[in-house]
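Fold and contact review
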Amino acid sequence: MQTSLNTSKWYDRIWAAFIFFTRLPLWRIYQPPRLCYTSVVEWWPLVGWLTGGVMASILFFGSQVLPYSVVILLAIIARILLTGALHEDGLADFFDGFGGGGTDRRHILAIMKDSHIGTYGVLGLILYIALLYLCLHAMTPQMAAMTVLAADPYAKMLGAQITQMMPYARTEETSKAHTVYRRMSLQSGILLAIQGLLPISLYVYLFHNRIDWQWLLFVPCLTMYFLYMFVWRRLRGYTGDCCGAFFLLIELSFYLVATQSSVVLFQ
């Protein structure tokens, strides 16, 4: 399996990542080998360049013609439509599973796989969207656009680590996507880091005198660690829903720190 994947073209794996993580009809143009989908998480931050870029463009250009509060909602909606609410669905299942499943591993997994949304999932999504909206609203449109461009790939880079830090909690046959991510090679890990760190490096370079950039880097890592410990103690493994929830919560922690810097900056 490893050998066959390594002999596939590099663009096949990137193409698979964009098909997997977005709802763009790219599969109509070209369908990469099925095995390439086991490596899509390695190109997750690169997809974040697209989703973050779409949000940033709407925030920046939309604010020129529409009220900023409306533009923020449009930017959030655009990313949800672009990804097919893939990550939001994972977040809702994450809250439902761990909120209603207690400490029973089998019960948690069963709830997370249930297609119905429960009370914890609804409340989790409402609170997440509210916090995301308020964080972006606290920034200027220009600052919010730059922050989204940095936060999206960085959070996906950190969220991808869960697939390397613990085993998959289900089997490939019982997974929702029928895909289990492979272990990354050193080269893949370096490429993943470049995708996630390049945008945030530019962000820090541009705003290092006006933001607490050390906290921007550290707090998402700390959030990742506590989420990892929480999931490990309950499941001893990850699921696709955990990946989506990790990304959104890590990204939200980035926005919370950026909001504090923006409030101080523009007072």
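Everything discussed here concerns the structure shown above.
Read on for an overview of the structure. (Residues numbered from 1 in each chain as written. Predicted model: local features only at pLDDT ≥ 70, side-chain atom pairs only at ≥ 80, totals over all residues. Heavy atoms only, no water.)

1. Some points on the packing of helix H4 (residues 68–83) against helix H7 (residues 119–137)
Between H4 and H7, the least distance of the axes is 10 Å, while the angle of their chain directions is 130 degrees. Our classification of the angle between H4 and H7 gives oblique. Judged by the sense of rotation from one axis to the other, the crossing of H4 with H7 is right-handed. Counting all contacts with H4, which are made through Tyr-68, Ser-69, Ile-72, Leu-73, Ile-76 and Arg-79, the residues of H7 involved are Tyr-128, Ile-129, Leu-132, Tyr-133, Leu-136 and His-137. The residue makeup of the contact of H4 with H7, split by class, is 9 nonpolar, 2 polar and 1 charged. (Axes fitted to C-alpha atoms, helices over the stretch in contact; angles between N-to-C directions. Helix = DSSP H or I, 4+ residues; strand = E, 2+ residues; numbered from the N terminus. Parallel < 35°, antiparallel > 145°, perpendicular 65-115°, else oblique. Left-handed = near helix turned anticlockwise from the far one by under 90°. Contact = heavy atoms within 4.5 Å. Nonpolar A, V, L, I, M, F, W, Y, C, P; charged D, E, K, R; others polar.)

2. Description of the pattern of salt bridges
Applying the stated criterion to the full structure yields 4 salt bridges. Arg-182 is the salt-bridge partner of Glu-42, the closest N and O atoms lying 2.6 Å from each other. Taken as a pair, Glu-42 in the loop between helix H2 (10–21) and helix H3 (44–62) and Arg-182 in the loop between helix H9 (162–165) and helix H10 (186–207) lie far apart in primary sequence, 140 residues in all. Across the pair, exposure class does not vary: Glu-42 and Arg-182 are buried alike. As a salt-bridge pair, Arg-79 and Glu-251 come within 2.8 Å of each other at their nearest N and O atoms. Within this pair, whereas Arg-79 is found in helix H4, its partner Glu-251 is found in helix H12 (residues 240–265), the two being separated by 172 residues in sequence. Among the residues examined, Arg-79 registers a relative accessible area of 5% and is labelled buried. On the basis of relative accessibility, which here comes to 0%, the residue Glu-251 falls in the buried class. One connected set of salt bridges, linked through shared partners, spans Arg-79, Asp-152, Lys-156 and Glu-251. (Salt bridge = Lys/Arg side-chain N within 4 Å of Asp/Glu carboxyl O. Buried < 20%, exposed > 50% of the residue type's maximum accessible area, 1.4 Å probe, protein only.)

3. Structural notes on the packing of aromatic side chains
The geometry of two aromatic rings is summed up by the distance between their centres and the angle between their planes. According to the stated counting rule, one finds 18 aromatic pairs in the structure shown. Each ring, one from Trp-15 and one from Tyr-30, has its centre 6.0 Å from the other, and the planes form 80 degrees; the classification is edge-to-face. Of the two residues, Trp-15 sits in helix H2 while Tyr-30 sits in the loop between H2 and H3, which places them 15 residues apart along the sequence. Classification of Tyr-30 as partly exposed rests on a relative accessible area of 33%. Measuring from ring centre to ring centre gives 6.2 Å for Tyr-203 and Phe-254, while their planes differ by 50 degrees; the resulting arrangement is tilted. Of this pair, Tyr-203 sits in helix H10 while Phe-254 sits in helix H12, placing them 51 residues apart in sequence. Both residues of the pair, Tyr-203 and Phe-254, belong to the buried class. (Phe/Tyr/Trp six-rings, centres within 6.5 Å; stacked < 30°, edge-to-face > 60°.)

4. With respect to unusual backbone geometry
Residues other than glycine seldom take positive phi values, yet Ala-85 does so here, at roughly 55 degrees. Tracing the backbone shows Ala-85 in the loop between H4 and helix H5 (86–100). Since its relative accessible area comes to 23%, Ala-85 is described here as partly exposed. In the Ramachandran plot, Arg-236 falls in the positive-phi region, its phi being about 60 degrees despite a non-glycine side chain. Tracing the backbone through its elements, the reader meets Arg-236 in the loop between helix H11 (213–235) and H12.

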